[in-house]
Amino acid sequence: MDRNLIVVALACAPATFVMFQAFSGLAVVYDGGPYRAMVFINAGVLVVGQPIVRWMADRVGAGNLLAGATLILGAGVGSAALARDVIATTVLWSLAELAVISISAGVVAGLAPHRQMGRYQATFQIIQGLVATLAMFAGPLLAGASEDRFAFLCLALGVLGALGLRASSALLGEAMAQPVACPCGARLCRCDAGHLS
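Description of the structure in this document.

Rules used throughout
Residues numbered from 1 in each chain as written. Predicted model: local features only at pLDDT ≥ 70, side-chain atom pairs only at ≥ 80, totals over all residues. Heavy atoms only, no water. Helix = DSSP H or I, 4+ residues; strand = E, 2+ residues; numbered from the N terminus. Rg over C-alpha atoms; globule rule 2.2 N^0.38 Å. Contact = heavy atoms within 4.5 Å. Areas by Shrake-Rupley, 256 points an atom, 1.4 Å probe, with all protein chains shown as cover. Lys, Arg positive; Asp, Glu negative; His and termini not counted. Charge placed at Lys NZ, Arg CZ, Asp CG, Glu CD. Core = buried A, V, L, I, M, F, W, Y, C linked by side-chain atoms within 4.5 Å. Buried < 20%, exposed > 50% of the residue type's maximum accessible area, 1.4 Å probe, protein only. Salt bridge = Lys/Arg side-chain N within 4 Å of Asp/Glu carboxyl O. Patch = residues over 30% accessible without salt bridge, like charges linked within 9 Å, V, L, I, M, F, W, Y side chains within 5 Å. Expected span 1.5 Å × (residues − 1). Bend = angle between axes of the 7 residues up to and from the residue. Polar contact = N/O pair within 3.5 Å; in protein donor to acceptor, adjacent residues only side chain to side chain. Axes fitted to C-alpha atoms, helices over the stretch in contact; angles between N-to-C directions. Parallel < 35°, antiparallel > 145°, perpendicular 65-115°, else oblique. Left-handed = near helix turned anticlockwise from the far one by under 90°.

1. Details of the overall build of the chain
For step 1, the next point in the chain: The helix and strand inventory of the chain stands at 9 helices and 0 strands.
For step 2, the next point in the chain: Reading the chain from its N end, one meets helices and strands in the order α-α-α-α-α-α-α-α-α.
For step 3, the next point in the chain: The C-alpha radius of gyration of the chain comes to 17 Å, within 12% of the 16 Å expected for a compact globule of 197 residues.
For step 4, the next point in the chain: Its C-alpha atoms give the chain principal-axis dimensions of roughly 55 × 30 × 25 Å.
For step 5, the next point in the chain: Expressed as a percentage of contacts within the chain between residues at least 6 apart in sequence, the contacts between residues at least 24 apart total 75%.
For step 6, the next point in the chain: Accessible surface for the chain amounts to roughly 9,500 Å². Of this, 68% is attributable to carbon and sulfur atoms.
For step 7, the next point in the chain: A gap of 9 Å separates the mean positions of the 11 positive and 9 negative side-chain charges of the chain.

2. A short note on the nonpolar core
For step 1, the next point in the chain: Core analysis: the biggest nonpolar cluster contains 54 residues, and V8, L26, Y30, M38, L73, V77 and V107 have the highest contact counts within it.
For step 2, the next point in the chain: Those elements that provide at least two residues to this core are α1 (3-19), α2 (25-29), α3 (32-48), α5 (62-83), α6 (86-111), α7 (117-145), α8 (147-167) and α9 (169-176).
For step 3, the next point in the chain: Sequence-distant contacts of Y30, defined by excluding residues within four places in its chain, comprise Y35, M38, A80, R84, V86 and T89.

3. Details of the environment of F124
For step 1, the next point in the chain: Within the secondary structure layout, F124 lies in helix α7.
For step 2, the next point in the chain: With relative accessibility at 4%, the residue F124 sits in the buried group.
For step 3, the next point in the chain: With 40 residues separating them in the primary sequence, F124 and G164 have C-alpha atoms 16 Å apart.

4. Quick look at the side chain of E97
For step 1, the next point in the chain: Mapped onto the fold, E97 is located in helix α6.
For step 2, the next point in the chain: Here E97 occupies a buried position and makes no salt bridge, while the nearest side chain of opposite charge, R36, is found at 18 Å.
For step 3, the next point in the chain: Those residues in contact with E97, other than ones at most four positions away along the chain, are M19, N42, L46 and L73.

5. Digging into the environment of G78
For step 1, the next point in the chain: Tracing the sequence through the fold places G78 in helix α5.
For step 2, the next point in the chain: A sequence separation of 80 residues divides G78 from G158, and the C-alpha atoms of the two residues are 9.3 Å apart.

6. Overview of a nonpolar patch on the surface
For step 1, the next point in the chain: Taken together, the side chains of F20, F23, V39 and M136 present a nonpolar region at the surface, about 290 Å² in accessible area.
For step 2, the next point in the chain: Mapping F23 onto the fold places it in the loop between α1 and α2.

7. Section: α1
For step 1, the next point in the chain: The first and last C-alpha atoms of α1 sit 24 Å apart over 17 residues, in line with the 24 Å expected at 1.5 Å per residue.
For step 2, the next point in the chain: The largest bend in α1 is about 35 degrees, located at A13, with the proline P14 one to four residues further on.
For step 3, the next point in the chain: Counting buried positions along α1 yields 12 of 17 residues, so the element is predominantly enclosed.
For step 4, the next point in the chain: Among the residues making up α1, those that are buried are L5, V8, A9, A11, C12, A13, P14, A15, T16, F17, V18 and M19.
For step 5, the next point in the chain: On the buried face of α1, the contacting elements are α5, α6, α7, α8 and α9.
For step 6, the next point in the chain: The residue sitting at the N-terminus of α1 and contributing the capping side-chain oxygen is D2; that oxygen lies 2.8 Å from the backbone nitrogen of N4.

8. Focus on the packing of α1 against α5
For step 1, the next point in the chain: Taken N-terminus to C-terminus, the directions of α1 and α5 make an angle of 25 degrees; their axes are 9 Å apart at the nearest point. It follows that α1 is roughly parallel to α5 by the angle criterion. Relative to α5, α1 is oriented so that their crossing is left-handed. Taking contact as the criterion, the partners of A15, V18 and M19 in α1 are, on α5, T70, L73, G74 and V77.

Bear in mind that shape data such as this cannot, by itself, settle questions of function.
Here it is, written out as structure tokens:
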């Protein structure tokens, strides 16, 4: 197992935990109408926000973008539990969610040797799936017991994840600079910028 893959998967785990609180913990906090509005806004931002995330990805390193997005995700979901401002908080954490999902996929693709791309993606997704399972169980219990503690947990995980991703920024940047599907097949090939993540 590639140590770098495990480092990236664990660094992304806090963001995954918080991401799944939108559909577990916040489902306990919000009642039907605001919750449906949140789901609708989230879906819309995930579609229309892609150019924004791409613009940011072109200007900020992968480590910085993932760290910032994780921090915003934690703060956004945490504040959604307290402020109950469905529109502003959902737009905020949804853009962060989109950045985490898209950039982490590019990082994993960049880490993988060409012939092991599927294995790397599967390993990353299994780890995130285990984190999501824990999140779906623990989040509603905590949100039901104390919205303040739930919000603090989301913010704390956002900070923890941001620190882990920031510490891994050199690895993340190197992964994003790797060619993907290069015709020559060399992992470190720089023959064409079009093959980069």
